[in-house]
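# Overview (structure and organization)
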Amino acid sequence: MSESSSRSAEENGYFLRAEGITKIYSDGTVALREATVELRPGEILGLLGENGAGKTTLTKILSGLLPPTKGHVVSPRGPVRFSSPREALDFGIGMVHQHFALVGTFTAVENVALSQERPLAPLQLAQTRAKIEELMEESGLRVPLDVPVEKLAVGEQQRVEILKVLSRDVDLLILDEPTSVLTPLEVDELFRFLRRLRDEGKAIVLITHKLKEVGSITDRVVVLRKGEVVGDVRTSAVTTEELAQLMVGKALETRAGRAVELSTDEIPAHAPQRHREERGPGVLHVENLSVAGDTKPVAVHDLTFDVYGGEIFGIAGVEGNGQTELVEALTGLRPALKGIATINGRNILGLDPRQIYKLGVAHIPEDRWVLGLVLPFTLAENAILGVHRWDEFRGPLSILRWRKINAHVRSLMERFEIQATGPSAPAKSLSGGNQQKLIVGRELAKDPAIVIASQPTRGLDVGAAQYIRDILVEMRDRGRAILLVSADLDEVLALSDRVAVMYEGKFMAVARPEELDREKVGLLMGGVSVGGKA
Amino acid sequence: MTAHEARSGGRLLRGAHRTLTGLHPVLESVLAAVLGLLVGALLMYIWGYDPWRAYWALFRGAYGGSYEIASSIARGVPLIFTALTFSICVRAGMFNIGAEGQMYVGAAAAVCVAYFKLPPGLHLLVGIAFAAIAGAIWSLGPALLKLTRGVNEVISTIMFNWISRFLVFYLVAYVLVDARQGQRTVQVPVSARFPILVRGTDLSYSVFLAVAFALFVYFLLWHTATGYEVRAAGLNPTAARYGGISINRTILLSFALGGVGAGLAGAATTMGLPPTYAIISGLPELMNLGFDGMAVAMMGRNHPIGILVAALFFGGLNAGGRVMQFYGSNPVPLEMVRVVMGAIVIAMAIPELVRVFPAIARSVRRLGGVFRRDRATEREGA
Ligand SMILES: Nc1ncnc2c1ncn2[C@@H]1O[C@H](COP(=O)(O)OP(=O)(O)OP(=O)(O)O)[C@@H](O)[C@H]1O
Ligand SMILES: [Mg+2]
């Protein structure tokens, strides 16, 4: 963007304004009602709201991905209308999506180069690489540059996505839940970088479900509820309690029948922590397990651990340290190199996912778009993925019992507060958080012997995340085993009965959460061993 | 406006929205057909034919009377089968263009019923089974190559089409040949023929088999766990694998079922096609039905019900084209019908065809704006 335009923007006080935006999707869902939001240079705006409140929709309209049904986007120079993200990018608007828009078979460099060039210009790979390296240095976001991005962990893909947008000199940077897959350290670095961009005069929009982050980085907050702007305040002038109230609508009270502690982001620890003697029999047994990765010959090194009934075994660690490969090996999606893995004494290595599910395994996958959902499928079709052969849903001659399936979906929708027009809505029309609720609901409804959960609360709003955590704890209390893999350190520490810190395919430590604190775990996650291994 | 009014207005708007989205695919197919016909008209015009008269003849020849309609349906029957072959595999995530070859093999197998005697009815059923099994077996080649060696199905099905073509040429000329009529194979005996449905036309009871097969495919894909697996694997193989679905199984199954469809097309064009009830040397009655089926499948949006409608349309083009080529003093050659079909296929391949029109409208408006502005400046200058 040219100097003059940003200066004129400053004179007028804003860079872009969404005026009276109403968005009605083709299935009749009203995602936004008369929303007016102003984006100012030199300011970080937090966009807050429950799952399905319309945050992603609003940012998609700002960045030219969706046309508004009513209302318009104006710049100080007059109304703007982008018919493609590229036009928006040329105008200086860059967006990092909640779900990534990367070419899977291309490397990070190629992906970034692709977003830079005009359609017929040759790719400037060397130049792009230099630029990315510089950006990685500045932003602290590191990614492997020469690996096809589909082989990268979700968190790494997220970083590529951010670098891609940063590499264009944008005046308005929109980030849709960028922190949900980043580790605390990475979040800190990203925020430091965002502050610098702000001080350079850029406008920044940050969507997040973490109130703590809102407090620590934003200058102004806009709260959306059911598509309406219900609050537009300076961050310094509100408390997190007030924000939470605005989001939910009423004063803090029951949601799905329970009180939700929205006052802070501190996840209440699920006391009473149990003692080892109390836990049940071993459910998952892993011994000397090694697994190959897509990019490394060995991603999981000789791991040995047990998960017992009645316990939550948490694995903390920076993404890309073998967690994905470990989970995939345990769920039949990836062959192991060597070792033993059993569930209730039965070998699971070499079995396919269906056979493993039969042993009572539920799997909440880390990547909801690649593994967890068939996006064009309806809610109902997605709700039976993996259980479609259960007698409950399948009659004689393999005929699907749609009536029962639909009833099942309705109960899931109710229990997990999945917002959708109905069981026949396509999964791709759900908001990110509601998609996650659908997956989690489906898996937990299996009432399995063991839950293998990767980032189960990723993208969920505060209330929904708490609800899912409560269910996990309740399942634990009923004697189920839970293997929890999460980049959210607070979550792991609060929920787990035992925590393992994973680094480069090995456990740096296995300890009770009381014996660990954030700093210590942070060090362990970085591969620094600290005294007092458990 | 009261709140209540506002809400009902919203509901109306929502309803209209939903209907439009529901019709979206249908609309696109209709648009593609119209576009195809327009391209055909343009070419006819350029080459000095009269498109109006030609299309009028085509329409009359296709749907002008019960005889014409019956003929159109008859021409559509094999296309229903081959279209389903393609669509089943598309739903499973594969591009199977082997219907052509599988159909040849099926036809050859069907003709074999001439070599033994059975009671009527049973004889027919055995013939149908022969064709279906032969088609399925032929389709297993590419399927197994894909599963065991990772061979791309597009390449292998093309190759298998050629193999089967010359294999059936050989069979027709040397093995199944009628000793008295060297230009064709032995005839399917009366006891194994599909009875004629409309006397004086080509339309036989094979149409019921085609409709039944389409309904079966529909039911299988959308109402059974097996079909669910096929569709899941087609739309997102990794999620399907996560869901405990064996991709190998869905590939094998969809290929085999597709082969059955193509084999049945072979049965319909031998046991159900008067007057020869045999394969003629050079396969003129069979040639291209497999490929045309792909066009039908595309226009029918790979949905069995859509395919039934699209097959009627394509059957009509074929039947009407025959009339068109003899109509008037300057008749339009039959090839023009193939041009129309080709244009339709290309139009169908345009993503979001419906959106093309608002886009055109927008650019026209923009152009109009430019003109207006030009005129305004002219006036100012004057
Ligand atoms: N393509 C679509 N078709 C129909 N409805 C949609 C579509 N995309 C989103 N919606 C609906 O619009 C509403 C707002 O969705 P949006 O994705 O903007 O929510 P969000 O605030 O980003 O939520 P989350 O925190 O879960 O990501 C939801 O009710 C959602 O179901
Ligand atoms: Mg969202």
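Residues numbered from 1 in each chain as written. Chains lettered and ligands numbered in written order. Predicted model: local features only at pLDDT ≥ 70, side-chain atom pairs only at ≥ 80, totals over all residues. Heavy atoms only, no water.

It is worth spelling out the overall build of chain A at this point. Scanning chain A for helices and strands turns up 18 helices and 22 strands. Radius of gyration (C-alpha) of chain A: 23 Å, near the 24 Å computed for a compact globule of 534 residues. Taking the principal axes of its C-alpha atoms as reference, chain A extends roughly 70 × 50 × 45 Å. In chain A, which comprises 534 residues, the share counted as buried stands at 59%. (Helix = DSSP H or I, 4+ residues; strand = E, 2+ residues; numbered from the N terminus. Rg over C-alpha atoms; globule rule 2.2 N^0.38 Å. Buried < 20%, exposed > 50% of the residue type's maximum accessible area, 1.4 Å probe, protein only.)

With that settled, consider the site of ligand 1. Residues and elements named next belong to chain A. Ligand 1 sits among 21 residues. The nearest are Gly52, Thr56, Thr57, Ser431 and Gly433. Taking Tyr25, its side chain carries an N or O atom lying 3.5 Å from a nitrogen atom of ligand 1. A distance of 2.6 Å is found between an oxygen atom of ligand 1 and a side-chain nitrogen or oxygen belonging to Ser431. Relative to its unbound accessible surface of 640 Å², ligand 1 loses 89% to contact with the protein. Mapped by element, the contributors of at least two residues to the shell around ligand 1 are α2 (55-62) and α15 (432-444). Its residues assigned to classes, the shell around ligand 1 comprises four nonpolar, 13 polar and four charged. Both domain 1 (1-92 + 170-264) and domain 4 (371-441) contribute no fewer than three residues apiece to the shell around ligand 1. (Near = heavy atom within 4 Å. Polar contact = N/O pair within 3.5 Å; in protein donor to acceptor, adjacent residues only side chain to side chain. Areas by Shrake-Rupley, 256 points an atom, 1.4 Å probe, with all protein chains shown as cover. Nonpolar A, V, L, I, M, F, W, Y, C, P; charged D, E, K, R; others polar. Domains from an automatic or database assignment.)

On to the interface of chain B and chain A. Frequently, the measure chosen for interface size is the accessible area removed from exposure when the parts meet. Listed by partner, the interface residues are 25 residues for chain B and 35 residues for chain A. The contact between chain B and chain A buries some 2500 Å² in all, and 58% of this surface belongs to carbon and sulfur atoms. Connecting chain B to chain A are two salt bridges. Residue B:Glu229 pairs with A:Arg389 through a salt bridge whose shortest N-O separation is 2.9 Å. (Contact = heavy atoms within 4.5 Å. Buried area = accessible area lost by both parts, 1.4 Å probe. Salt bridge = Lys/Arg side-chain N within 4 Å of Asp/Glu carboxyl O.)

Attention now moves to the environment of A:Met525. Residues and elements named next belong to chain A. In this fold, Met525 is placed in helix α18 (residues 518-525). The exposure class assigned to Met525 is buried, which follows from its relative accessible area of 6%. Once the C-alpha coordinates of Met525 and Asn321 are considered, the two residues, 204 residues apart in sequence, prove to be 9.2 Å apart.

Our focus in this paragraph is the domain arrangement of chain A. Residue and element names in this part refer to chain A. Here the domain parsing of chain A yields domain 1 (1-92 + 170-264), domain 2 (105-164), domain 3 (280-360 + 448-529) and domain 4 (371-441). Counting from both sides, the interface comprises six residues of domain 1 and, opposite them, eight residues of domain 4. Summed over both partners, the interface of domain 1 with domain 4 buries about 560 Å², with 36% contributed by carbon and sulfur atoms. Linking domain 1 with domain 4 are zero salt bridges. For the interface between domain 1 and domain 4, the tally reads two residue pairs in polar contact (both at pLDDT 80 or more). Looking at the side of domain 1 that touches domain 4, its residues break down into one nonpolar, three polar and two charged.

A separate point is helix α3 (residues 66-91) of chain B. All names here are of chain B. Helix length check: α3 (26 residues) gives 35 Å between terminal C-alpha atoms against 38 Å at 1.5 Å per residue, within 8%. Along α3, the largest kink reaches about 30° and is centred on Gly76; proline Pro78 follows within four residues of it. Just past α3, the residue Gly93 takes up positive phi, approximately 90°. (Expected span 1.5 Å × (residues − 1). Bend = angle between axes of the 7 residues up to and from the residue.)

All right, on to the nonpolar core then. Among the nonpolar cores identified, the biggest contains 82 residues, and B:Phe81, B:Met271, B:Ile279, B:Val296, B:Phe314 and B:Ile344 are the most heavily contacted of them. Ranked by the residues each element gives to this core, the list is headed by α3(B), at eleven residues. Sequence-distant contacts of B:Phe81, that is, excluding residues within four places in its chain, are made with B:Ser206, B:Leu209, B:Ala210, B:Phe213, B:Gly261, B:Leu264, B:Ala265 and B:Ala268. The next biggest cluster of nonpolar side chains, apart from the first, holds 81 residues, and it includes A:Leu430, A:Ile452, A:Ile468 and A:Leu495. (Core = buried A, V, L, I, M, F, W, Y, C linked by side-chain atoms within 4.5 Å.)

Residues and elements named next belong to chain B. Residues Leu23, Val26, Val30, Val34 and Leu38 make up a contiguous nonpolar surface patch of roughly 420 Å² in combined accessible area. Looking at the secondary structure, you find Leu23 in helix α1 (residues 3-46). In this structure Leu23 comes out as partly exposed when scored by relative accessible area, which is 41%. (Patch = residues over 30% accessible without salt bridge, like charges linked within 9 Å, V, L, I, M, F, W, Y side chains within 5 Å.)

This part is about the packing of aromatic side chains. All told, the structure shown has 21 aromatic pairs over all chains when counted by the stated rule. Taking the centre distance of 5.4 Å and the plane angle of 55° together, the rings of B:Tyr205 and B:Phe208 count as tilted. We classify B:Tyr205 as partly exposed; its relative accessible area is 38%. Its end group placed over the ring of A:Tyr357, A:Lys446 keeps NZ or CZ at 4.1 Å from the ring centre. (Phe/Tyr/Trp six-rings, centres within 6.5 Å; stacked < 30°, edge-to-face > 60°. Lys NZ or Arg CZ within 6 Å of the ring centre and 35° of its normal.)

What follows concerns the confidence of the model for chain A. For chain A, per-residue confidence averages 86 on the pLDDT scale, and 91% of positions sit at 70 or higher. Within the model, pLDDT remains below 50 along residues 251-265 of chain A, and this stretch shows 31 contacts once partners closer than five positions in the same chain are excluded. (pLDDT = per-residue confidence, 0-100.)

Residues and elements named next belong to chain A. The residue Thr235 is located in the loop between β10 (228-234) and α9 (240-248) in this model. Of the polar contacts made by the side chain of Thr235, one reaches the side chain of Thr218; its length is 2.9 Å. Aside from chain neighbours lying at most four places away, what touches Thr235 is Val214, Gly215, Thr218, Asp219, Arg220 and Val221.

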